[in-house]
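Inside the fold
One-letter residues, chain by chain:
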Amino acid sequence: MLSVVVPMYNEQLALPHFAERLRPVLDDLPMPYEVLCVDDGSTDGTGDLLREMLSHWPQLRVLPLRRNAGHQAALTAGLDHARGDWIVSIDADLQDPPHVIREMLDVAQRTGVDVVYGVRADRSTDTRFKRVTAGLYYGAMRRAAGVEIPRHAGDFRLMSASAVREVGRLHERGRVYRLLIPYMGFRYRTVEYRRESRVAGDSKYPVHKMARLAAESYTSFTTAPLRFATWLGVLGFVLCSTFAVAALVAYATGNTLPGWTSFAIVIGFVGALQFLFLGLLGEYVARIYTEMQARPRYFTDVHPPDDPARQARSEREHRTR
Ligand code: UDP
Ligand code: MG
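First things first, this report covers the structure right here in the doc. (Residues numbered from 1 in each chain as written. Chains lettered and ligands numbered in written order. Predicted model: local features only at pLDDT ≥ 70, side-chain atom pairs only at ≥ 80, totals over all residues. Heavy atoms only, no water.)

1. Focus: the packing of aromatic side chains
Condition: The rule is short: rings of Phe, Tyr and Trp, with Trp giving its six-membered ring, pair when the centres are within 6.5 Å, and they are stacked under 30 degrees, edge-to-face over 60, tilted in between. By the criteria applied, helices consist of DSSP H or I runs no shorter than four residues and strands consist of E runs no shorter than two, each listed in order from the N terminus. Each residue is assigned to one of three classes by its accessible area relative to the maximum for its type, calculated with a 1.4 Å probe on protein chains only: buried under 20%, partly exposed between the two thresholds, exposed over 50%. Put simply, a charge is over a ring when the Lys NZ or the Arg CZ is close to the ring centre, within 6 Å, and near the line of the ring normal, within 35 degrees.
The full count for this structure, using the stated rule, is 7 aromatic pairs. Summarising the aromatic geometry, the rings of Phe156 and Tyr193 are spaced 5.3 Å apart at their centres and angled 85 degrees between planes, so their arrangement reads as edge-to-face. Here Phe156 is found in strand β6 (residues 153–160), whereas its partner Tyr193 is found in strand β7 (residues 188–194), with 37 residues between them in sequence. When its relative accessible area of 1% is taken as the criterion, Phe156 is described as buried. Ring geometry for Phe237 and Phe269: centres 5.4 Å apart, planes at 50 degrees, overall tilted. One end of the pair, Phe237, is in helix α9 (residues 224–252); the other, Phe269, is in helix α10 (residues 260–293), with 32 residues separating them in the sequence. Here the aromatic residues Tyr183, Phe221 and Phe299 are joined through ring pairs into a cluster of three or more. Sitting over the ring of Tyr183, Arg295 keeps its end group 4.8 Å from the ring centre. Directly above the aromatic system of Phe221 lies the positively charged group of Arg295, at a separation of 4.3 Å from the ring centroid.

Here it is in structure tokens:
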């Protein structure tokens, strides 16, 4: 079975178009499916519309959230409740074309990989601002996470149930899936598609939500900013030492006011010392943070990719156990 997870927030304008395009694609698939719509605390008519659609679309399931939890959290809810053997996540605004799902499934089944990323080959329908910020974001995150992150792969992706389960076992709550999944090193393929423009309604990602996603992405993959104080402290000590020599020379040659030398040296050193200890504190906070995230130190590769038959067998055993 295929599960299609759709987080949606105030999408009453886009929803009818979305359903109209998605349903024929899914009805044509050679396998059963479910569409799991996560209503992320919408305040418009999205909830009513979904409830109405339930009566004439038997494969539709609705998971309403009491309040707006945010895109990634809504995705988490959807992944937690999906029942399929394959799970694809897609936006409700038709920016991710539904017909690509079929291609993703073909690729996954043919190659035996765990993840198929939808990669935006053409972002010309996005604003210039969005393209520039996206470029900066993917570059910075590649450096912070230290893993290959497929560029311009957003949250349109297909995953196997076992991969979804493995991601679900992570301890951290603030999950940025587009980074965590590449980080976990699943075998993957990519499928390119043309990013279309939003079919109706406005983007639900205003600048402050984008900034929050960027901050969450960065801090969940690096504690480098906490070390910054250490380097300032070290730099302070070096500068202060040179300055102290100069101040002592000035003192010896009598070019100072009484008391100036000792004051200047003490202030400089105390400042450097404070940064150093702040950095030291930061090192421990960083350790507490990473211990709390409790990411696995390694990811065992349970399914050799060259043997799809064996993979299917172990999946079956896993389920009967
Ligand atoms: N979304 C959500 N909760 C939010 C914000 C967005 O579930 O708090 C959904 C939204 O309905 C859409 C998807 O996440 O299905 C992507 O959002 P959007 O298309 O507005 O983002 P953009 O394409 O502008 O980056
Ligand atoms: Mg969109």
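2. Details of the coordination of the magnesium ion (ligand 2)
We count it as follows: Any N, O or S atom lying within 2.8 Å of the metal counts as a donor, and for Na, K and Ca the limit rises to 3.2 Å; water is left out, so some sites can look incomplete.
Distances from the magnesium ion (ligand 2) to its protein donors, Asp93 (OD) and Gln95 (OE1), fall at 1.9 to 2.0 Å. The residues Asp93 and Gln95 share a single accessibility class, namely buried.

3. Quick notes on a nonpolar patch on the surface
Applied cut-off: Patch criteria: residues need more than 30% relative accessible area and no salt bridge. Like-charged residues are merged within 9 Å; nonpolar side chains of Val, Leu, Ile, Met, Phe, Trp and Tyr are merged within 5 Å. In these tables, accessible area is a Shrake-Rupley quantity obtained with a 1.4 Å probe, and a residue counts as shielded only by the protein chains included in the view. Here, a salt bridge means any side-chain nitrogen of Lys or Arg that lies within 4 Å of a carboxyl oxygen of Asp or Glu.
Side chains of Phe228, Leu232, Leu235, Leu239, Phe275, Leu278 and Leu281 sit close together on the surface and give an oily, nonpolar patch of about 700 Å² of accessible area. Sorting the residues of the nonpolar patch by element identifies α9 and α10 as the ones contributing at least two each. Ranked by the residues each element gives to the nonpolar patch, the list is headed by α9, at 4 residues. With respect to the secondary-structure elements, Leu239 resides in helix α9. Overall, Leu239 belongs to the exposed group, its relative accessible area being 55%.

4. A look at the sheet that holds strand β3 (residues 60–65)
As a reminder of what qualifies: Should DSSP find at least two bridges between two strands, the strands are regarded as paired. In this analysis an axis means a line fitted to C-alpha atoms, helices contributing only their contacting stretch, and an angle means the value between N-to-C directions, from 0 to 180 degrees.
What the 7 strands build is an open sheet, ordered β3-β2-β1-β4-β6-β5-β7; its pairing is mixed. With one partner strand each, in any of the chains shown, β3 and β7 form the two edges of the open sheet. Each adjacent strand pair in this sheet contributes to an overall mean axis angle of 20 degrees, direction not counted. As paired strands, strand β1 (residues 2–8) and strand β4 (residues 86–89) are joined by 4 bridges and run parallel to one another. Within β4, the position partnered with Val4 by the bridge is Val88.

5. A few points about the nonpolar core
To keep it simple, the criterion reads: Nonpolar cores are built from buried Ala, Val, Leu, Ile, Met, Phe, Trp, Tyr and Cys residues. Side-chain atoms within 4.5 Å join them into one set. Contacts are assigned to residue pairs that have any heavy atoms within 4.5 Å of one another.
Membership of the largest hydrophobic core comes to 36 residues, with the highest contact counts inside it found for Val167 and Ile181. Apart from the residues within four sequence positions on either side, Ile181 is in contact with Val115, Tyr117, Arg157, Met159, Val167 and Phe186. Core analysis: the next-biggest nonpolar cluster, separate from the first, contains 35 residues, Val6, Leu50, Leu94 and Ile101 among them.

6. Regarding the pattern of salt bridges
Using the criterion set out here, one finds 15 salt bridges in the structure. In the salt-bridge network here, residues are joined through shared partners; they are Glu11, Asp93, Arg198 and Lys204.

7. With respect to unusual backbone geometry
Phi is mostly negative for residues that are not glycine, and the peptide bonds are mostly trans. With a phi close to 50 degrees, Asn10 is a non-glycine residue in the positive phi region. For Asn10, the position within the fold is in the loop between β1 and α1 (15–27).

8. A word on the site of ligand 1
Formally: Working definition: residue near molecule or strand if any one of its non-hydrogen atoms lies within 4 Å of it. Two N or O atoms count as a polar contact when they lie within 3.5 Å, although within protein this holds only if one can serve as hydrogen donor and the other as acceptor, and sequence-adjacent residues are included solely when both atoms are side-chain atoms. Charged residues are taken to be Asp, Glu, Lys and Arg, nonpolar residues to be Ala, Val, Leu, Ile, Met, Phe, Trp, Tyr, Cys and Pro, and polar residues to be all remaining types, Gly included.
Taken together, 19 residues are adjacent to ligand 1, and Glu11, Asp40, Asp93, Ser203 and Lys204 come closest. Between ligand 1 and Asp40, the relevant distance is 2.6 Å, taken from a nitrogen atom to a side-chain nitrogen or oxygen of the residue. Here the residues of the shell around ligand 1 sort into 5 nonpolar, 5 polar and 9 charged.

9. Some remarks on α10
For clarity, the cut-off: For a helix, the expected span equals 1.5 Å multiplied by the residue count minus one.
Between the first and last C-alpha of α10 there are 49 Å, a value that for 34 residues agrees with the 50 Å anticipated at 1.5 Å per step. For α10, the full list of buried residues reads Thr261, Ala264, Ile265, Ala272, Gly279, Gly282, Ala286 and Gln293. The elements touched by buried residues of α10 are α8 (207–221) and α9. Looking one or two residues past α10, Ala294 carries a phi angle of roughly 50 degrees, positive in sign.

10. Some points on the pairing of β3
One face of the sheet, then the other: side chains in a regular strand alternate in exactly this way. What counts, and what does not: Seen with the strands pointing away from the viewer, any crossover whose path from the first strand over the helix to the second strand runs clockwise is right-handed.
Of the strand pairs in this sheet, strand β2 (residues 33–40) and β3 are connected by 6 bridges, and their pairing is parallel. Counted as the bridge partner of Val38 is Leu63 from β3. With helix α2 (residues 46–54) bridging β2 and the parallel β3, this β-α-β connection has right-handed handedness.

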